[in-house]
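# Analysis of the macromolecular model
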Amino acid sequence: CVPGAVHDGHDHVVQAVRAGAVAVLAQRTLPDPGVPVAVVASVRRAMPRLAAAHLGHPSRSLDLVGVTGTNGKTTTTYLVEGILEEGGISCGRISSVSYRVGHCETVAERTTPESPQLQRLMREMVAEGCGACVMEVSSHALELHRVDAIRFDAALFTNLTRDHLDFHGDMSRYFAAKCQLFQMLADTAPAIINIDDDYGRQLATTVARPVTYAMDRSADITPERIDFSLDGIELD
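Below you will find a few notes about this structure. Note that the coordinates shown come from a computational prediction; the quantities given were computed from them, not determined experimentally. (Residues numbered from 1 in each chain as written. Predicted model: local features only at pLDDT ≥ 70, side-chain atom pairs only at ≥ 80, totals over all residues. Heavy atoms only, no water.)

## Looking at the overall build of the chain
- Helix and strand counts for the chain stand at eight helices and twelve strands.
- Taken over the C-alpha trace, the chain has a radius of gyration of 20 Å; the compact-globule value for 236 residues is 18 Å, and the two agree within 12%.
- Counting only C-alpha atoms and orienting by the principal axes, one finds that the chain spans roughly 65 × 40 × 35 Å.
- Sorting the 236 residues of the chain into buried and exposed places 44% on the buried side.
- Contacts spanning at least 24 positions in sequence make up 55% of the contacts within the chain whose residues lie at least 6 apart.
- About 12600 Å² of surface is accessible on the chain, with carbon and sulfur atoms providing 53% of the total. (Helix = DSSP H or I, 4+ residues; strand = E, 2+ residues; numbered from the N terminus. Rg over C-alpha atoms; globule rule 2.2 N^0.38 Å. Buried < 20%, exposed > 50% of the residue type's maximum accessible area, 1.4 Å probe, protein only. Contact = heavy atoms within 4.5 Å. Areas by Shrake-Rupley, 256 points an atom, 1.4 Å probe, with all protein chains shown as cover.)

Structural data, given as structure tokens:
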């Protein structure tokens, strides 16, 4: 029973049970629906943990890369996917364009799916023999706990510009939402960060293992030569 911006799942329990629901997760007491009811403080916080446990914690069986930022997330997921595939590692992809599991690709419903669908996608990747997954991680997904209970092996920050302020309220809260992805990393996990971006420079000072990149500043990774043409971008 997820309380949404417009509708509240608690109001649709009877219909859900009639449609085949075998249990209810709620955050307030309900009239007996005839199936087991678990009442928790926050459905959004409990849901990803239940989904992960139910599906055997699939993220633990994948090398999982999370990509966040305002611009460039989708391009970056395709690039990382291509690098891993070229290296002989079958890689699933979850992006705002599509979700790819093995050779099957479906149109994306949202940038980062809700936690039960997200956990199911990763379980399907493991079943299809994927060794890795690269995923766009939106600020909405972080704020709404969709990626809780997931183990990320690396995270990448592209940039932060004015966007989604109708949801977050201001830039500081928007940035704080993005930072949650990096707070989920183990100390040994790399955090790949664009330090040409002001917010990226702030972020790089807070993570245990920063790997920085930039075009205009001294960083761990910088291009020595970069050529733009109608055929694409070439760089060393």
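## Thoughts on the layout of surface pockets
- The volume enclosed by the largest pocket comes to roughly 1000 Å³.
- Looking at the largest pocket, it is lined by 25 residues, and the ones nearest its centre are T76, L79, Y213, I221 and L235.
- Of all elements in the fold, only α3 (73-86), β9 (191-194), β11 (226-229) and β12 (232-235) reach the threshold of two or more residues within the lining of the largest pocket.
- If you tally residues by element for the lining of the largest pocket, the top one is α3, at six residues.
- Partitioning the lining of the largest pocket into residue classes produces 16 nonpolar, eight polar and one charged. (1 Å grid on protein atoms, 1.4 Å probe; cavity = no way out; pocket = protein on both sides within 12 Å on 5 of 7 lines; lining within 4 Å. Points joined across faces, edges and corners; volume = space filled by probe spheres on them. Nonpolar A, V, L, I, M, F, W, Y, C, P; charged D, E, K, R; others polar.)

## Topic: the pairing of β9
- Residues A191 and I193 point to one face of β9 and I192 and N194 to the other, with burial holding for every one of them.
- Relative to β9, strand β8 (residues 154-157) is paired through three bridges, and the arrangement is parallel. Looking at β9, one finds that L156 is bridged to I192.
- In the sheet, β9 pairs with strand β10 (residues 210-213) via four bridges, with the strands oriented parallel. For I192, the partnering residue across the bridge sits in β10 and is V211.
- Handedness of the crossover is the feature at issue here: the chain leaves β9, passes through helix α8 (residues 198-204), returns alongside β10, and the resulting connection is right-handed. (Pairing = 2+ DSSP bridges. Right-handed = clockwise from strand over helix to strand, strands pointing away.)

## Some thoughts on unusual backbone geometry
- Even without glycine at this site, H145 takes up a positive phi of about 65 degrees.
- Looking at the element boundaries, H145 is found in the loop between α5 (139-143) and β8.
- One non-glycine residue with positive phi stands out, namely A149, at about 65 degrees.
- Among the structural elements, A149 can be located in the loop between α5 and β8.

## Remarks on the sheet that holds strand β6 (residues 104-107)
- Taken in spatial order, the eight strands line up as β6-β5-β4-β7-β3-β8-β9-β10 in an open sheet, and their pairing is mixed. The strands lining the two open edges of the sheet, one partner per strand, are β6 and β10. Taken pair by pair, the neighbouring strands of this sheet meet at an average axis angle of 15 degrees, ignoring direction.
- Lying over the sheet, α3 contacts β3 (63-68), β4 (91-94), β5 (98-101), β6, β7 (132-136) and β8, oriented at roughly 170 degrees with respect to β7. (Axes fitted to C-alpha atoms, helices over the stretch in contact; angles between N-to-C directions.)

## Here's the deal with helix α7 (residues 171-183)
- Under the 1.5 Å per step criterion, the end-to-end length of α7 is 18 Å for 13 residues, consistent within 8% with the ideal 18 Å.
- Buried within α7 are the following residues: M171, Y174, F175, A177, K178, C179, L181 and F182. (Expected span 1.5 Å × (residues − 1).)

## Details of the packing of helix α2 (residues 43-54) against helix α4 (residues 115-127)
- Between α2 and α4, the least distance of the axes is 8 Å, while the angle of their chain directions is 25 degrees. In this view, α2 runs roughly parallel relative to α4, as classed from their interaxial angle. You can see that α2 and α4 cross each other, and the crossing is right-handed. Of the residues in α4, those in contact with M47, P48, A51 and A52 of α2 are S115, P116 and Q119.
- For the contact of α2 with α4, the per-class residue count stands at five nonpolar, two polar and no charged. (Parallel < 35°, antiparallel > 145°, perpendicular 65-115°, else oblique. Left-handed = near helix turned anticlockwise from the far one by under 90°.)

## Some remarks on the environment of A141
- Secondary-structure assignment places A141 in helix α5.
- Dropping the residues within four chain positions of it, A141 is found in contact with T112, R146 and V147.

## So, the pattern of salt bridges
- According to the stated counting rule, one finds 14 salt bridges in the structure shown.
- Residue E81 pairs with R93 through a salt bridge whose shortest N-O separation is 2.8 Å. Of this pair, E81 sits in helix α3 while R93 is found in strand β4, placing the two residues twelve residues apart along the sequence.
- In this structure E81 comes out as buried when scored by relative accessible area, which is 7%.
- With relative accessibility at 2%, the residue R93 sits in the buried group. (Salt bridge = Lys/Arg side-chain N within 4 Å of Asp/Glu carboxyl O.)

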